[in-house]
Amino acid sequence: MSEKIELLAPAGDMECLDSALKFGADAVYLAGTQFGMRTASKNFTPEQLAEAVSKAHEKGVKVHVTCNTLPRNDETEHLPEFLTMAQDCGVDAFIIADLGVMTLAEKYAPKVQRHVSTQAGVVNYMTARRLYDMGASRVVLARELTLEEIAGIRAKVPDELEIETFVHGSMCVSFSGRCLISSYMTGRDANRGDCAQPCRWKYHLYEEHRDGQFFPVEEETGGTFLYNSRDLCMIEHIPELVKAGINSLKIEGRAKSAYYVSVVTNAYRHAIDEFYENGGTKPLSSWIREELEKVSHREYNTGFFFGNEPGQVTDNGGYIRHYEVVAVCDEYRDNTAYLTQRNRFFSGDRLDVLPPSGEPFEIIVDYMQNDKGEIIEVAPHAMQKVIMPSNVEIPAGSVLRKARS
């Protein structure tokens, strides 16, 4: 594989898109208001989609549109209009899980590449070859494969067929995301983008003949999180991913915040760039791995890449949160940073700054002013404008965060 591996970042809304573009994504994936697997995200109207494509293409970034639900009969009637609209907006690829959608995409949007979603559960080279023959230019492999299995697929499919894998973020307890728990328990169909995530709930055990009496599966009063998957993290294994012949590294997170997109995209951007600079001869810079502890996450592991590593967290269902965003820098001039507040912070606070390029650094808030120039001790109001003198340049677009006590 001669081309540099692609970094593919999520964009649940326009703010997340801007973050992905700012922090180094090579491509983004997002959804329109139909046929995407994340109805909880804001997603993009036709007008917003056209704007998103324009923004991305200006920076040389590709746009992949998720069309990866499993549509029922009545829904397929709306597909031609949706596919044609997306092509008119200039999108680069569709991510598709359903063979019928593949057929319609070829007919109504022939200029748009067709990528086969992880929902399709591709685990062998024969299926990958057949999908290539059907017009797929890329397969997003099932998450349940090892690196050795991925390398085996790469060796037996055409060079022109690209391989994409998830490398970071939330993992689903069900095979390739095909789950019925949400439908059974809430009536919300995960395979049509409406998962209620019951795998993250607490569960107790009831004995059949003792009506109304329950037993914790473990001796924990809060119950046990039977299905709760860890989060995937492959930041320290870029050399192995490249060696396996993968073309695109995908970050999960279309339902997550712009801050998450900023931090994770930035970390993987630097990890990939370091690999190509030193050929994998040096260990990953420690600050890059540390960045991924500064976003909310569940306990990390490497998924199935190196075999079936323990994947469930049974003693808790919550996120680990070490930092919170307190402000974003709108402008820096004349030794002064002009900020928009996101969470409360105080004069005297030590803040961690994530710039759009380069390594994070720390500053101390000596003092700050409101937009009227009045000295303030605390910035308590969401989205308020804050003026902060700083001899250290804080580039526009930087994210300022504070360690949680």
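These notes cover the structure that comes with them. On a predicted model such as this, the values are computed, not experimentally measured, just so you know.

**Overview of the overall build of the protein chain**
Alright, step 1. Within the protein chain one finds 11 helices and 22 strands.
Alright, step 2. Scored against the burial criterion, the 405 residues of the protein chain give a buried share of 51%.
Alright, step 3. Relative to all contacts within the protein chain whose residues are 6 or more apart in sequence, the contacts with residues 24 or more apart total 66%.
Alright, step 4. Here the protein chain has roughly 19100 Å² of accessible surface; of this, 48% comes from carbon and sulfur atoms.

**Focus on the packing of aromatic side chains**
For any pair of aromatic rings, geometry is given as the distance between the ring centres together with the angle between the planes.
Alright, step 1. Tallied over the entire structure, the rule returns two aromatic pairs.
Alright, step 2. Residues Phe35 and Phe82 carry aromatic rings whose centres are separated by 5.4 Å and whose planes lie at 65 degrees to one another, so their mutual orientation is edge-to-face. Separated by 47 residues along the polypeptide, Phe35 in the loop between β2 (27-30) and α2 (46-58) and Phe82 in helix α4 (residues 79-89) bring together distant segments of the chain. Both residues of the pair, Phe35 and Phe82, count as buried.
Alright, step 3. Judged by centre distance (5.0 Å) and plane angle (80 degrees), the rings of Phe275 and Tyr276 are edge-to-face.
Alright, step 4. Taking NZ or CZ as reference, Arg143 lies 3.8 Å from the ring centre of Phe166, over its face.

**Quick look at the pairing of strand β7 (residues 162-170)**
Alright, step 1. Burial runs high along β7: eight of the nine residues are buried.
Alright, step 2. The pairing of strand β6 (residues 136-140) with β7 spans three bridges and is parallel. From the neighbouring strand, Arg138 faces β7, where its bridge partner is Glu162.
Alright, step 3. For β7 and strand β10 (residues 231-233), the ladder comprises three bridges, and the chain directions are antiparallel. Bridge assignment links His168 to a residue of β10, and that residue is Cys233.

**Concerning unusual backbone geometry**
Alright, step 1. Positioned with a positive phi, Asn335 is a non-glycine residue whose angle comes to about 60 degrees.
Alright, step 2. Turning to its location among the elements, Asn335 is positioned in the loop between β13 (323-333) and β14 (336-341).
Alright, step 3. Phi angles above zero are rare outside glycine, and Met383 is one such case at about 70 degrees.

**Here we look at the pattern of salt bridges**
Alright, step 1. One pass over the full model with this rule turns up 24 salt bridges.
Alright, step 2. A salt bridge links Glu164 to Arg138; the nearest nitrogen and oxygen atoms lie 2.7 Å apart. A residue pair is termed long-range when its members are at least 10 positions apart, and Glu164 in strand β7 and Arg138 in strand β6 qualify at 26 residues.
Alright, step 3. Of the residues examined, Arg138 reaches a relative accessible area of 4% and is grouped as buried.
Alright, step 4. What emerges from the salt-bridge pattern is a single network uniting Glu6, Arg138, Glu162, Glu164 and Lys250.

The rules we used
- Residues numbered from 1 in each chain as written.
- Predicted model: local features only at pLDDT ≥ 70, side-chain atom pairs only at ≥ 80, totals over all residues.
- Heavy atoms only, no water.
- Helix = DSSP H or I, 4+ residues; strand = E, 2+ residues; numbered from the N terminus.
- Buried < 20%, exposed > 50% of the residue type's maximum accessible area, 1.4 Å probe, protein only.
- Contact = heavy atoms within 4.5 Å.
- Areas by Shrake-Rupley, 256 points an atom, 1.4 Å probe, with all protein chains shown as cover.
- Phe/Tyr/Trp six-rings, centres within 6.5 Å; stacked < 30°, edge-to-face > 60°.
- Lys NZ or Arg CZ within 6 Å of the ring centre and 35° of its normal.
- Pairing = 2+ DSSP bridges.
- Salt bridge = Lys/Arg side-chain N within 4 Å of Asp/Glu carboxyl O.

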